[in-house]
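Each chain, letter by letter, is given below.
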Amino acid sequence: MSTPALAVHDLSVRFKTGADSRHAVDGISFSIDAGEATALVGESGCGKTITALAILGLLPDSGVHVESSAIEINGRDISGLTGSRRREVLGRDIAMIFQNPGTALDPVFTLGRQISAVYARHCGGGKEHIRQKVIESLEAVGFSQPQDIAAAYPHQLSGGMRQLAMIAMATVCKPAVIIADEPTTSLDNSTRAVILQQLERLRTLHQTAILLVSHDLATVRQSCQKVMVMYCGRLLEKTDCESLFSHARHPYSAGLLSCIPQISDTRPAMINSIPGQVPAAGEFPPGCHFAPRCPRVESMCNQSVPALDTDKQQAVACFRPL
Amino acid sequence: MNRRYITRRVLYGIPLILGVTFVSFLLMVYFGPDKTYELLGKNPTTEQISEVRRALGYDRAFLLRYGDYLRELVTLDLGLSDSSGEPVSVILKRTLPVSIALVLPGFILGNLMGLALGLLAAWYRGKWLDKLVMSASVVGMSVSFLVIIIGLQILLCTPYGLNLFPVRGWQVHDLGSYLYYVTVPTLALVLVTLGYNTRFYRAVMVEEIERDHIRTAQAYGASPRELLFRHVLKNSLIPVLTRIMFSVPFVVISGSLLLESYFGIPGIGLVTFNAITSGDQPILKAVVGLTGVLFVLALTVNDMLYSLVDPRVAKP
């Protein structure tokens, strides 16, 4: 068995508030192979972005406690790295694409300058070489006039173009892993398709492993092979995309699927939603966190926490799976 | 820089200057000192009054007098001081350089140190260093400037203390004597302004540090030095420049008034102060007018600097 590009073992994030601490992410493990796209889905506020930031080590160091047995990129553990040793990894071995391209880029520097700073930092080389690499990576995400884009400031581009430039920045050092945190949420449908196509192309081209953080299951179905369903800091279901969409086993997954709006001839009678709300960290119920909102709940669910049965192909953390 | 942008800014400045000078002239004519009665003593006759008013030009239409005032400001031919008989332009030429030389070092130091401390506090926000710097700022802001000035004078300028510098005066002819006379006022100015500056700059820096693009730079391995000195500092230049530019006229006129009166330095602040108390209208007219012009100038230069530091202004 080959080494996965990204392997996360037993990652927990706790927020300290006064004397007690609350789990925002509670002991999750997963791995992504090279050239594979895995989605992390769930409602807003269930710990997806925190997971992504914790993998990169970008959470603030005061009031937040991150623990894991290991976070490996191509077999190398990065979880204990600090300071300049960690900065070496960021952008070179693992890169992140952020949700809002409008604010994620520095407004006072040209895109070329920002991308070349990343390349110069990690890969080095002469001025001309760096410029060449920047142009190449902008070209690779589909810009026909990469020189113009490199000379432009973020505010001169549209949201979709900025996100493409962000992808160019993420791929300029050809990292093994890219984490994309809701990369298309703020974009319109056709722009979203372009962004997803480019990500897909780069994934197959460079065999990059992609962790796509999303709450949009339609996007996930289009672009991922595997999917993990997250709720209240835990993984509830972990499987390949096809099985989830054909037969979701966890009631929460099934609930999420039922909420995807359908385009049909007739106007739908009602818009589906999962009743109730995601509880805030620290207010999780004692048993299965989803129990209070679950249509299939029984007494056992309120007492103990079901574990993710990882030995199965379609792993699920539920006492009464579908 | 974009030439059309500059031209537009300069043209915008003209109505502003007209407005500022108009309002200040209006206030001076209707609420300022009236020289008629000073000149005439206790029991003037109606004829005497109207004669003096004619001589002073008070009987002319308001707009004509405003026109004269504008001409005076443009040509810098500002008449003679009532109290000394000296031409106002000569007085300004003599005192303005003194005031600038007096406040410049303290102004620069106070802003640079405030910037450095603000950056430090912002980077370590919430930690003990931040708390230390911020509490010191509050203490600095709370201590009266009188205490600071008199305290420094006692500590540095008298036999009770180190007795290294003069308490008063300004006999500057070379660098050595300049440092001799400027050191204590500079220290006083820095101590008085540092708390305010630090708090302001910290707030600006915290806002910039918490912007999304800083996290992006972090996610791509930028070092703290790069984050602070490239991304944060360049982005914060707009509020920082604005503050500096707008405090220039204030510091030159009123900041120096404080220092000049306590250190007996013959700068424009002291001249203005004396003109206010003696009702020396030609000097007041000149100072008020020039302050207004200086403000508009600072505003215009500030707008031009924007286009240098913010590509969103320069390349819309």
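Our structure is the block above this text.
Before going into details, it helps to say that this report is about the structure given with it. Because the structure is predicted, anything quoted here is derived from the model rather than measured.

## A few points about the overall build of chain A
Looking only at helices and strands, one finds 10 helices and 12 strands in chain A. Over its C-alpha trace chain A gives a radius of gyration of 20 Å, about what one expects of a compact globule, namely 20 Å for 322 residues. Principal-axis analysis of the C-alpha atoms gives chain A an extent of 65 × 55 × 45 Å. Every one of the 322 residues in chain A was classed for burial, and the buried ones make up 52%. Once local pairs closer than 6 in sequence are excluded, the contacts in chain A between residues at least 24 apart make up 66%. In the structure as shown, chain A presents an accessible area of about 14,300 Å², 50% of it carried by carbon and sulfur atoms. The positive charge centre, built from 29 side chains, and the negative charge centre, built from 30, are 3 Å apart in chain A.

## Considering the pattern of salt bridges
Considering all chains together, one arrives at 22 salt bridges over all chains under this definition. Between R9(B) and D303(B) there is a salt bridge, with the nearest N and O atoms lying 2.7 Å from each other. Residue R9(B) is found in helix α1 (residues 3–31), and its partner D303(B) is found in helix α12 (residues 281–309); the two are separated by 294 residues along the sequence. Among the salt bridges present, the one from R211(B) reaches E208(B), with a minimum N-O distance of 3.0 Å. Linked through salt bridges whose partners overlap, the residues forming this network are R76(A), R92(A) and D93(A).

## Quick look at the packing of aromatic side chains
Residues and elements named next belong to chain B. Inspection of every chain in the model, using the stated rule, returns 13 aromatic pairs over all chains. Taking 6.4 Å as the distance between ring centres and 40 degrees as the angle between the ring planes, the aromatic pair formed by F165 and Y180 counts as tilted. With F165 in the loop between α7 (145–157) and α8 (175–209) and Y180 in helix α8, the pair connects residues that are 15 residues apart, well separated along the chain. By relative accessible area, Y180 is classed as partly exposed at 37%. Put simply, the rings of F22, F25, Y30, F62, Y66 and Y69 pair up and form one aromatic cluster. Above the ring of F200, the side-chain terminus of R243 is found at 4.4 Å from the ring centroid.

## A few points about the pairing of strand β8 (residues 177–181) of chain A
Residues and elements named next belong to chain A. In terms of residue burial, β8 counts as a mostly covered element, since five of its five residues are buried. The alternating pattern of β8 places V177, I179 and D181 and I178 and A180 on opposite faces, both of which are buried. The pairing of β8 with strand β9 (residues 209–214) spans five bridges and is parallel. If you follow V177 over to β9, its bridge partner there is A209. Between the parallel elements β8 and β9, the chain passes through helix α7 (residues 189–206) in a crossover that is right-handed.

## A word on the interface of chain B and chain A
Each side of the interface is counted separately: chain B has 24 residues, and chain A has 30 residues. Here chain B packs against chain A, burying approximately 2,300 Å² in sum over the two surfaces, 60% of which is carbon and sulfur. Of all residues in chain B, the largest losses of buried area upon contact with chain A belong to R215(B), A219(B) and Y220(B), amounting jointly to 30% of the total for that side. Our count for the contact surface shared by chain B and chain A stands at one salt bridge. Between chain B and chain A we count nine residue pairs in polar contact (both at pLDDT 80 or more) in total. Of all elements in the fold, only α9 (212–219), α10 (224–263) and α13 (311–314) of chain B reach the threshold of two or more residues within the side of chain B that touches chain A. Class assignment of the residues belonging to the side of chain B that touches chain A gives a composition of eight nonpolar, seven polar and nine charged.

## Examining helix α1 (residues 48–56) of chain A
Residues and elements named next belong to chain A. Judged by how many residues are buried, α1 sits mostly within the fold: seven of nine residues are covered. Taken together, the buried positions of α1 are K48, T51, A52, L53, A54, I55 and L56. The positive-phi residue at the C-terminal boundary of α1 is G57, with phi of around 80 degrees.

## Side note on the side chain of T171(A)
All names here are of chain A. Position of T171 among the secondary structure elements: in helix α6 (residues 159–171). The exposure class assigned to T171 is buried, which follows from its relative accessible area of 7%. Within the structure, T171 has its side chain in polar contact with the backbone oxygen of I167 (distance 2.8 Å). If sequence neighbours within four positions are ignored, T171 has contacts with I178 and L202.

Parameters and conventions
Residues numbered from 1 in each chain as written. Chains lettered and ligands numbered in written order. Predicted model: local features only at pLDDT ≥ 70, side-chain atom pairs only at ≥ 80, totals over all residues. Heavy atoms only, no water. Helix = DSSP H or I, 4+ residues; strand = E, 2+ residues; numbered from the N terminus. Rg over C-alpha atoms; globule rule 2.2 N^0.38 Å. Buried < 20%, exposed > 50% of the residue type's maximum accessible area, 1.4 Å probe, protein only. Contact = heavy atoms within 4.5 Å. Areas by Shrake-Rupley, 256 points an atom, 1.4 Å probe, with all protein chains shown as cover. Lys, Arg positive; Asp, Glu negative; His and termini not counted. Charge placed at Lys NZ, Arg CZ, Asp CG, Glu CD. Salt bridge = Lys/Arg side-chain N within 4 Å of Asp/Glu carboxyl O. Phe/Tyr/Trp six-rings, centres within 6.5 Å; stacked < 30°, edge-to-face > 60°. Lys NZ or Arg CZ within 6 Å of the ring centre and 35° of its normal. Pairing = 2+ DSSP bridges. Right-handed = clockwise from strand over helix to strand, strands pointing away. Buried area = accessible area lost by both parts, 1.4 Å probe. Polar contact = N/O pair within 3.5 Å; in protein donor to acceptor, adjacent residues only side chain to side chain. Nonpolar A, V, L, I, M, F, W, Y, C, P; charged D, E, K, R; others polar.

Coordinates in, geometry out; function isn't part of it.
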